Amino acid sequence: MANNVWDIKNNLQVQYYTAGAWTSIQADTYEISVDRGILVERGVFARPDYGTAVVRLVKKDVSDLVTGPAYKANMPFRIRYQSSPDTAPTSWTVFFYGFISNVTMQFDVESQKLKIEISADDTTKIAMNTRLTSFDINSTYHSFRQIMDKLALDIAAVDTRFSMSQQGTGGSATFQDYDTWTDFVSGELVNQLLDAELGWCYSAKDAGTQYYLTRADVAAKKTAWSNTELTISNVHSSSVDHICMDYIDLVWDTDGLVNSCFVEHAETKINKTKKNTTSITNYGEWPADFSIDMDTGSSPYVRLADWAQAVVDAADPKRIQAVSCPALRRDGTTSKIIDREIGEKLQVEFVDPSNSSNKIQQVALITRIQHQIDADHWEMTIGLWKGI
């Protein structure tokens, strides 16, 4: 048997945090589903979507049912694995971090075993569902980054489990009109900010930190194809940077295509229109109207024009929207794909089996990561988007 072969029974842990320590939940069998990332709306907006983990356990010990489990709602919760159980047995990597939301139990009389289901949500739920009494957008908190950083502090003041920081160094593309928000749910302001910035916001897989990306941060992640980068492909290779493809979902999606963009300020109705003439020539004109809350600045309202230009520059109906792959390599060791994160670049290649010169090679950003794990298999499905 190959070195560092991974096994669900010995090399995966489901843990909760209490009394200052992480404790593993012991079971006879495990089934795990994880789904986390962002939602892409209208082919333009990257909307936060809180991630979930569902763990199904089966165990002979019924004490959790009789006396109640030690793991309860709102406790920190994580799922982690060993990538090198033989050569680095003390090293563990977390691929989901959140807080327990529900615990349900059933005793199966026929098998005489306890069935437990634990559900957990990541910190995006806190980011989008915290009620705040007041928030001022003013000369101190005016740009996208300034407001997001202040919002992080205000949410943390209500819920100390929360923290948020920028994932990148890019400056703000947008500013907000001076305003005072009162008695509101945080997600309302987060979505307004992200829609104007064309930014992203997601929860880290390993530590519960919420991250946001500016428009410049997103653009910086979109780099060219490289023969030395991690690649999902239908052509097998022994390279550790090769990931075997199980499934590819490629679409020609005109529903999400905007090559003629009209955008207006939500209140003043100041507006700009931009078109991608190359895309219109190739695919016809696909117009869309948007109403955005932002400080447009003075005439000629460059911020609105830049917003519309960014949207139409991304107009391409041909995209790989999802791929799936095994998380374990053919020799039973873990793959590098497990450690990829939301917002990171991923290369996907599909080669015509009958004509190797006929191929698709596309670079996209990861929008969603799903894990399906049981005793027999670990499958990952990865949502992709070229981004704005």
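Just above, that's the structure.
Criteria and thresholds
Residues numbered from 1 in each chain as written. Predicted model: local features only at pLDDT ≥ 70, side-chain atom pairs only at ≥ 80, totals over all residues. Heavy atoms only, no water. Helix = DSSP H or I, 4+ residues; strand = E, 2+ residues; numbered from the N terminus. Rg over C-alpha atoms; globule rule 2.2 N^0.38 Å. Buried < 20%, exposed > 50% of the residue type's maximum accessible area, 1.4 Å probe, protein only. Contact = heavy atoms within 4.5 Å. Core = buried A, V, L, I, M, F, W, Y, C linked by side-chain atoms within 4.5 Å. Expected span 1.5 Å × (residues − 1). Salt bridge = Lys/Arg side-chain N within 4 Å of Asp/Glu carboxyl O. Polar contact = N/O pair within 3.5 Å; in protein donor to acceptor, adjacent residues only side chain to side chain. Phe/Tyr/Trp six-rings, centres within 6.5 Å; stacked < 30°, edge-to-face > 60°. Disulfide = S-S within 2.5 Å.

Observations regarding the overall build of the protein
Per the secondary structure count, the protein includes eight helices and 22 strands. In terms of overall dimensions, the protein is globule-like: its C-alpha atoms have a radius of gyration of 23 Å, near the 21 Å expected for 388 residues. C-alpha extents for the protein along the principal axes are approximately 70 × 60 × 40 Å. Per-residue burial over the protein gives 48% buried out of 388 residues. Of the contacts made within the protein by residues no fewer than 6 positions apart, 71% connect residues no fewer than 24 positions apart.

Section: the nonpolar core
Phe-77, Ile-79, Phe-290, Trp-307 and Ile-337 are the most contacted members of the largest nonpolar core, which has 72 residues in total. For this core, the leading source of residues is helix H8 (residues 302-313), giving six residues. Aside from chain neighbours lying at most four places away, what touches Ile-337 is Leu-230, Ile-232, Ile-243, Cys-325, Pro-326, Ala-327, Leu-346, Met-380 and Ile-382.

Examining helix H4 (residues 144-158)
In an α-helix, one turn spans 3.6 residues, which is why side chains three or four residues apart end up on the same side. Given a rise of 1.5 Å per residue, 15 residues ought to cover 21 Å, and the 21 Å separating the end C-alpha atoms of H4 matches this to within 8%. Turning to H4, its buried residues number three or more, namely Phe-144, Ile-147, Met-148, Leu-151, Ala-152, Asp-154 and Ile-155. Of the surrounding elements, those touching the buried residues of H4 are helix H3 (124-128), strand E8 (131-137), strand E9 (164-166), helix H5 (186-197), strand E11 (200-203) and strand E12 (210-213).

Points about the pattern of salt bridges
Side-chain pairing between opposite charges can occur once the charged atoms of the two side chains come close. Counted by the stated rule, this structure contains 20 salt bridges. The salt bridge involving Lys-150 is made with Asp-154; its shortest N-O contact spans 2.8 Å. Linking Lys-150 with Asp-154, this pair stays in helix H4, spanning four residues, or about one helical turn. The class for Asp-154 is buried, based on a relative accessible area of 18%. A salt bridge links Glu-285 to Lys-275, with the shortest nitrogen-to-oxygen separation between them at 3.2 Å. Of this pair, Glu-285 sits in the loop between helix H7 (277-283) and strand E18 (287-292) while Lys-275 sits in strand E17 (residues 271-275); the two residues are 10 residues apart in sequence, bridging distant segments of the chain. The exposure class assigned to Glu-285 is partly exposed, which follows from its relative accessible area of 41%. Overlapping salt bridges, with partners in common, bring together Asp-35, Asp-49 and Arg-368 in one network.

Notes on the environment of Thr-214
Looking at where Thr-214 falls in the secondary structure, it is placed in the loop between E12 and helix H6 (215-221). Counting along the chain gives 201 residues from Thr-214 to Gln-13, while the straight-line C-alpha distance between them is 34 Å. Here Thr-214 is in contact with Phe-144, Arg-145, Gln-166, Gly-170, Gly-171 and Glu-197, once residues within four sequence places are set aside. Within the structure, Thr-214 has its side chain in polar contact with the backbone oxygen of Gly-170 (distance 3.5 Å).

Description of the packing of aromatic side chains
The tally for this structure, following the rule as stated, stands at 16 aromatic pairs. Ring plane angle 70° and centroid distance 6.0 Å describe the contact between Trp-22 and Tyr-97, whose orientation is recorded as edge-to-face. One end of the pair, Trp-22, is in strand E2 (residues 21-24); the other, Tyr-97, is in strand E6 (residues 93-108), and 75 residues separate them in sequence. Plain terms: the ring middles of Phe-95 and Trp-378 are 5.4 Å apart, the flat faces sit at 40° to each other, and that makes the pair tilted.

Some words on the state of the cysteines
By the definition in use, this model includes zero disulfides. In this structure Cys-244 is not part of a disulfide, and its nearest cysteine sulfur, from Cys-325, lies 8.9 Å away. Overall, Cys-244 belongs to the partly exposed group, its relative accessible area being 22%.

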